[in-house]
Amino acid sequence: MIRAAIIGLGAIGQRLIKNFTDHPDIIISAICDRNAEVTRETSERLGNVSSFTDHKKMLEEAEIDLVYAAVPPKFHHQIVTDVIAKGKHVLCEKPLANSLEEAESLYIQAKEKGKGIVHAMNFPLNYSAGSKTFASLIKDGYVGKLRRLELKMHFPEWPRPWQQNDWVASREQGGFVLEVGVHYIQQIQKIFGPVHVLNKSVQYPEDPTASEIGILAQMELQDGTPVFINGMSQITGTEEIRFTAYGTEGTLSLLNWSALEGGKQGEPIQRIDADSSLANSLIDELVKALKGEKAEIIDFEAGYQAQNILEKLRG
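Residues numbered from 1 in each chain as written. Predicted model: local features only at pLDDT ≥ 70, side-chain atom pairs only at ≥ 80, totals over all residues. Heavy atoms only, no water.

### Concerning the packing of aromatic side chains
- For the structure on display, the rule yields 9 aromatic pairs.
- Geometrically, the ring pair formed by Trp158 and Phe176 is edge-to-face, given 6.2 Å between the ring centres and 75 degrees between the ring planes. Placement of the pair is Trp158 in the loop between β7 (146–155) and α7 (176–192) and Phe176 in helix α7, with a sequence separation of 18 residues.
- Taking relative accessible area as the criterion, Trp158 reaches 8% and is therefore assigned buried.
- Plain terms: the ring middles of Phe192 and Phe243 are 6.5 Å apart, the flat faces sit at 80 degrees to each other, and that makes the pair edge-to-face. In this pair, Phe192 is assigned in helix α7 and Phe243 in strand β11 (residues 240–247), connecting sequence segments 51 residues apart. (Phe/Tyr/Trp six-rings, centres within 6.5 Å; stacked < 30°, edge-to-face > 60°. Helix = DSSP H or I, 4+ residues; strand = E, 2+ residues; numbered from the N terminus. Buried < 20%, exposed > 50% of the residue type's maximum accessible area, 1.4 Å probe, protein only.)

### Description of the sheet that holds strand β13 (residues 259–264)
- Read across the open sheet, the 8 strands follow the order β8-β9-β10-β7-β11-β12-β13-β14; overall the sheet is mixed. Here the strands that pair on one side only, and so sit at the sheet edges, are β8 (195–203) and β14 (270–272). On average, each strand axis in the sheet is tilted by 20 degrees relative to the strand beside it, whichever way the strands run.
- Alignment of β7 against strand β10 (residues 226–233), held across 7 bridges, turns out to be parallel. (Pairing = 2+ DSSP bridges. Axes fitted to C-alpha atoms, helices over the stretch in contact; angles between N-to-C directions.)

### Some thoughts on the sheet that holds strand β2 (residues 26–32)
- A sheet is described by the order of its strands in space; here 6 strands give the open sequence β3-β2-β1-β4-β5-β6, paired in parallel fashion. The sheet is open, and its two borders are formed by β3 (50–52) and β6 (119–122), each paired with just one other strand. Averaged over all adjacent pairs, the angle separating strand axes in this sheet is 25 degrees, with direction ignored.
- Note: strand β4 (residues 66–69) against strand β5 (residues 89–93), 4 bridges, orientation parallel. Pairing of Val67 across the sheet is with Val90, part of β5.
- This element, helix α2 (residues 36–45), spans β2 and β3 of the sheet and lies at about 160 degrees to β2. (Contact = heavy atoms within 4.5 Å.)

### Some details on the nonpolar core
- Of all hydrophobic cores here, the largest spans 94 residues; its most connected members are Phe20, Met58, Phe300 and Leu313.
- Residues in contact with Leu313, not counting those within four places in the same chain, are Val177, Ile185, Val197, Lys200, Val202, Ile215, Ala217, Met219 and Ile229. (Core = buried A, V, L, I, M, F, W, Y, C linked by side-chain atoms within 4.5 Å.)

### Details of the state of the cysteines
- Evaluated as defined, the whole model comprises 0 disulfides.
- With no disulfide of its own, Cys32 lies 15 Å from the sulfur of Cys92, the closest cysteine sulfur.
- Accessibility expressed as a relative area gives 2% for Cys32, which makes it buried. (Disulfide = S-S within 2.5 Å.)

### Structural notes on the pattern of salt bridges
- Under the counting rule described, the total for this entry stands at 18 salt bridges.
- The salt bridge partner of Glu311 is Arg314, with a shortest N-O separation of 3.6 Å. One end of the pair, Glu311, and the other, Arg314, are both in helix α9 (residues 300–314), 3 residues apart, so they sit about a helical turn from each other.
- In this structure Glu311 comes out as buried when scored by relative accessible area, which is 19%.
- Among the residues examined, Arg314 registers a relative accessible area of 16% and is labelled buried.
- Salt bridges linked by common partners bring Lys152, Glu240, Arg242 and Glu261 together as one network. (Salt bridge = Lys/Arg side-chain N within 4 Å of Asp/Glu carboxyl O.)

### Overview of the side chain of His55
- Structurally, the position occupied by His55 is in helix α3 (residues 55–61).
- In contact with His55, not counting residues within four places along its chain, are Ile7, Cys32, Ile79 and Asp82.

### Quick notes on helix α5 (residues 100–112)
- If you check α5, its first and last C-alpha atoms are 18 Å apart, about what 13 residues at 1.5 Å a residue would give, namely 18 Å.
- All of the buried residues in α5 are Ala103, Leu106, Tyr107, Gln109 and Ala110. Buried residues along α5 cover an arc of 160 degrees about the axis, so they all sit on one side. The outward face of α5, more than 90 degrees from its buried face, is lined by the exposed residues Glu101, Lys111 and Glu112.
- Of the surrounding secondary structure, the elements contacted by the buried residues of α5 are α4 (76–85), β6 and α9. (Expected span 1.5 Å × (residues − 1). Arc of directions from axis to C-beta.)

Here you go:
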């Protein structure tokens, strides 16, 4: 049985708890959060598992195989460094860290100090039916020769209603480019290869501590294919996240994380059913990796590569 610990019991940390508890090969052996009340309530809900408000004490005292770091980005570097130093497997929330230098440090630690340690990122698009079908159709030539990629991110309100906290709204470690855009940066790199930033224009509100309210960016793939980002928040309308590939033979979009739309040249754009057989589970893949089996894991190297582009966009 794999003994998992969770550090950070906010909205994101709580979201994966059920995934852990539902898996037959995993038990949650410890939890940690600086908020003692949240830690106590979560412990009681899980059957009085060991609870801590200090992650270092947890790493010293609890019996743990895998640690899930679900804390805000500025705490990733210190906590994950401590986890690696203890020789524990680690699943880290995205982005890998709160700066390129910190991300590089974690990548190097995982590569050089973490021999035998599984290091993975929580990039859920890699496991969902919609995004995997998108990638499969691209590979099979649905759009023909790629002409352009576009990422549209429009949010009437940021942070979103379910995500109201200080750090998600902050310029220091929040904003929609970091929270949402990094998922699609990672997908671009995985599906289409390396990308680099040519230019960008970022709009900020008057509050110097608040995150961006707009971005226009131009990037390109290694073969020169253009990639455009159009992001805005605090606008009229409904939330829309649309990742679109335009090609010589057709157009294909991943809409709002999971829906697919597309069409061939001369045909209307219409809904495309995702292939549910392509979907898999991050937790299943983690278990495979911890058992030494072949697994689909997004490791710290991929996290570092995504952070490289993220930081260039954030400036």
